[in-house]
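Residue strings, one per chain:
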Amino acid sequence: MSFSGRPGEFLKMLISGSLYQIPTFGFYRFWLITKLRRHLWANTRIEGESFEYTGTAKELLIGFLIALAILVPLYIAYFVATLTLDGLAAFASIPLILLMYVLLHFGSYRARKYRATRTVFRGVRFWMKGSGWAYAFRAVLWDLVTLFTLGLALPWAMASLERYRMRHTYFGSIQGDFTGTGGSLFKRAWWVWALGIGMFIGSFFLSAALLHAAGSKEEMAAQFVPTLLILVPLALSPLAMAIFTRWQIDGLRFGEATAVSRLRAGAFYGLFFKMMFSSIGILIVFAVIIGLAALFLSSIAQEAFIALQLGEITWTAISLIVFGALVYLALFLSMGVIQRYFYGRGLWAAIITTTTVSNLHSVSTAAATGRPAGTVGEGLADALDFNVGI
């Protein structure tokens, strides 16, 4: 496989699309996602033949609006329950959280179904069948088993869910399959799990020792323990992602066509550090901008603040509020650009260029079947802020 997309072209689309989101109150993101997907699909090739993405921004927008029509009544019901139940308000959120949790699994399956049916290769459409609710039920059960086994069952959960997804995925008339097993993934990644558990336990003992040695336990706990709990999974996540991605690609099948991955953990760590240092650079730039603004506009800001305290709304106060909002929005969008550039395009290119497909000629007999799936799943995943990919 090969990828021919130019980094500058993708970055240009990201920046311009992010800027267009400001006057459109974020709704331009549906057009941005569509453009990015078309770019990635069109520049991804197998033996020189590229893919085609046929989804539209209008479909994504409609799916999102339908998802809002489903979710808004739930939020209203929760709000009413918190007002009427009074003392039981804390428990009113439990049914809502459980329902959102199930909908998240349902939406992720339906989102994959949508993207599959909008992917065409050699004039033949990919498509999926299977029930999103059945998948959500399986996923919930596996999540419970994984929780009660402290993560040991995770490889078998991943294998079972990926097998369900692939056996319901078709390239025209040819059914997909997944041959990866939980045992094979466990053999590849058991030491990552053991290392993570060891680091996690070690961090608690180290924290306890430092807390005992320190005079103020509250201060140490507030600063040191949360940092360790964040850094442990953060340090191991690129390694785990690399192992899982390679195992996942190696298990893909469409008829006699197979895939083999040569992806290394270094690619993930390289992208991870590039994204991290770029984010730090962006934060420094915005800190300088805010510092300079505070320096030169301090007297104006003080006058505006006094006016607001007196209940007076002046053009100066409005201008400062708008300026602050635009700076915050620009920072938020800049972080999104960095994340999509490195973990969107960068990871896509790394995976594609390290994958080899064998027996591609075996799918040349695929007949064009299947039809486009609905957009509700993609809309639910978007509304629930679940990352479904570019």
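Sequence order as written defines residue numbering, which begins from 1 separately in each chain. For a predicted model such as this one, the threshold for reporting local features is a pLDDT of at least 70, and the threshold for listing and counting side-chain atom pairs is 80 or more; totals across whole chains, interfaces and linings nevertheless cover every residue. With hydrogens and water stripped out, all remaining heavy atoms of the structure feed into the side-chain values.

Only DSSP runs of H or I reaching four residues or more are called helices, and only runs of E reaching two or more are called strands; each is numbered from the N terminus. Within the protein, the secondary structure is distributed over twelve helices and ten strands. Classification of residues uses two cut-offs on accessible area relative to the type maximum, computed with a 1.4 Å probe and protein chains only: under 20% is buried, over 50% is exposed, and between them is partly exposed. In the protein, which comprises 390 residues, the proportion classed as buried is 38%. Taking all contacts inside the protein whose residues are at least 6 apart in sequence as the whole, residues at least 24 apart take part in 75%. As displayed, the protein has an accessible area near 21,400 Å², and 71% of this comes from carbon and sulfur atoms. Contacts were defined at the residue level, with two residues in contact if any of their heavy atoms lie within 4.5 Å. In this description, accessible areas are obtained by the Shrake-Rupley approach with a 1.4 Å probe, and a residue is regarded as covered only by the protein chains that are shown.

In this section: the nonpolar core. Remark: nonpolar core denotes a set of buried residues (Ala, Val, Leu, Ile, Met, Phe, Trp, Tyr, Cys) joined through side-chain atoms within 4.5 Å. Formed by 46 residues in total, the largest nonpolar core has its most connected members in Phe121, Phe126, Phe171, Phe254 and Val363. At six residues, the largest contribution of residues to this core is made by helix H2 (residues 29–42). Setting aside its immediate chain neighbours within four residues, valine 363 contacts Arg122, Phe171, Ile174, Phe254 and Ala257. Listed in part, the nine residues of the second largest apolar core include Ala242, Phe268, Ile338 and Phe342.

Helix-helix packing is described using two parameters, namely the angle between the two axes and the distance between the axes. Angular values range over 0 to 180 degrees, each being the angle between N-to-C directions of two axes fitted as lines to C-alpha atoms, with helices fitted over their stretch in contact. Direction vectors running N to C along helix H1 (residues 7–21) and H2 enclose 170°, while the axes themselves pass 9 Å from each other. When the axis of H1 is compared with that of H2, the two are roughly antiparallel. Judged by residue contacts, Glu9, Phe10, Met13, Leu14, Gly17, Ser18 and Gln21 of H1 engage Arg29, Leu32, Lys35, Leu36, His39 and Leu40 from H2. Residue polarity is assigned by list, with Asp, Glu, Lys and Arg as charged and Ala, Val, Leu, Ile, Met, Phe, Trp, Tyr, Cys and Pro as nonpolar; anything else, Gly included, falls into the polar class. Class assignment for the residues of the contact of H1 with H2 results in six nonpolar, four polar and three charged. Orientation labels follow simple angle bins: below 35 degrees gives roughly parallel, above 145 gives roughly antiparallel, 65 to 115 gives roughly perpendicular, and whatever is left gives oblique.

Here we take up unusual backbone geometry. The phi dihedral of phenylalanine 25 is positive, around 55°, even though this residue is not glycine. Here phenylalanine 25 lies in the loop between H1 and H2. We classify phenylalanine 25 as exposed; its relative accessible area is 73%. Not every positive phi belongs to a glycine, and glutamate 47 is a case in point at roughly 55°. Summarising the element assignment, glutamate 47 is placed in the loop between strand E2 (44–46) and strand E3 (49–53).

Looking now at the sheet that holds strand E5 (residues 124–128). In this description, strands pair whenever DSSP reports at least two bridges between them. Spatially, the ten strands line up as an open sheet ordered E1-E2-E3-E4-E5-E6-E7-E8-E9-E10, and their pairing is antiparallel. If you trace the sheet from one side to the other, it starts and ends with strand E1 (2–3) and strand E10 (355–358), each paired once. Sheet analysis places E3 next to strand E4 (residues 119–121), joined by three bridges and oriented antiparallel. Paired with glutamate 52 across the strands is valine 120, a residue of E4. Running over the sheet, H2 touches E1, E2, E3 and E4 and is turned about 160° from E3.

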